[in-house]
Amino acid sequence: MKNETESDLDKKINRFFDANDYIKMNISGTSMIPLLNEGDEIRVQKANVRDARRGDILLFRINNTFVVHRFISISVVKDGKAIIVQCGDNSMEFNTVDENSVVGKVAMIKTEVNRLNINSGVWTFLNRTIGWLEYLTYLSTFPRAETDDRIFLKIYNRLVHKIMRIIVRFFCVGRHIF
């Protein structure tokens, strides 16, 4: 198999988006369980990271590998480039990538049971809520000058993460409700 450079892959992705409204991909991995499971099909629309909102589920290209994670935060550094914080729902590990890593935004999930339009009102609300919960968890990881209460932070992080997972599980039961 030919090892493509990142610019070759970018060109292929852009040509594909020029010819189609979306990219279809199958999920492998566990980082977004319970929302996305092994074998689920996603439809990704081309999107600009600067239009993304906290909680959106984005497709990233990192070292020629595709990763689907939740958008948590964006920061603009001195040279005008954006740094994105992203995280999987099944993990408390936050990762940063640059803005050029964004391929698009997940618009639909096709499961064994049904299709979920995650741009609908209910799913938009859930995605924003989960995004804010993960953002609060992310903020709590920064050291604080006045206190160094690591036990409190651990409990807080776990509590917020559990609440977030309960919300997702509740709305994904059978994954055909919405």
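As a reminder, the structure under discussion sits directly above these lines.
Owing to the predicted nature of the structure, the values given are computational and were not obtained by experimental measurement.

A.B. asks: Is there a simple way to think about helix α2 (residues 121–139) in this case?
C.D. replies: Residues spaced three or four apart along an α-helix point in a common direction, a consequence of the helix completing one turn every 3.6 residues. Spanning 19 residues, α2 covers 27 Å between terminal C-alpha atoms, matching the ideal 27 Å at 1.5 Å per step. Residues of α2 that are buried: W123, L126, N127, R128, I130, G131, L133, E134, Y135, T137 and Y138.

A.B. asks: Mind showing me how you'd approach the pattern of salt bridges here?
C.D. replies: Two side chains bearing opposite charge may form a pair once their charged atoms approach each other closely. Going through the model one piece at a time under the given rule, you end up with four salt bridges. Among the ionic pairs, D89 bridges to R70, the shortest N-O distance being 2.7 Å. Placement of the pair is D89 in the loop between β5 (82–87) and β6 (95–98) and R70 in strand β4 (residues 65–76), with a sequence separation of 19 residues. In this structure R70 comes out as buried when scored by relative accessible area, which is 0%. One salt-bridge network, held together by shared partners, links D56, K105 and R128.

A.B. asks: In this structure, what is going on with the nonpolar core? I would like to understand it.
C.D. replies: Across soluble globular proteins, nonpolar side chains show a tendency to be buried alongside one another. With 19 residues, the main nonpolar core has L36, I42, I57, V68, V106, I109 and I118 as its most contacted residues. Of all elements in the fold, only α1 (6–19), β2 (41–46), β3 (57–62), β7 (102–110) and α2 reach the threshold of two or more residues within this core. Broken down by element, the residue count for this core peaks at three residues, all from β7.

A.B. asks: Looking at this model, I keep getting lost on unusual backbone geometry. Mind explaining?
C.D. replies: Generally, phi is negative for residues other than glycine and the peptide bonds are trans, each holding for most cases. The amide bond that connects I33 to the next residue, P34, takes the cis arrangement and shows omega of 10°. Structurally, the position occupied by P34 is in the loop between β1 (22–26) and β2. A positive phi angle, near 50°, is found at N63, a position not held by glycine. Checked against the element boundaries, N63 lands in the loop between β3 and β4. Here N63 falls in the exposed class, since its relative accessible area comes to 62%. A positive phi angle, near 60°, is found at N64, a position not held by glycine. Looking at the element boundaries, N64 is found in the loop between β3 and β4. Overall, N64 belongs to the partly exposed group, its relative accessible area being 29%.

What counts and how
Residues numbered from 1 in each chain as written. Predicted model: local features only at pLDDT ≥ 70, side-chain atom pairs only at ≥ 80, totals over all residues. Heavy atoms only, no water. Helix = DSSP H or I, 4+ residues; strand = E, 2+ residues; numbered from the N terminus. Expected span 1.5 Å × (residues − 1). Buried < 20%, exposed > 50% of the residue type's maximum accessible area, 1.4 Å probe, protein only. Salt bridge = Lys/Arg side-chain N within 4 Å of Asp/Glu carboxyl O. Core = buried A, V, L, I, M, F, W, Y, C linked by side-chain atoms within 4.5 Å.

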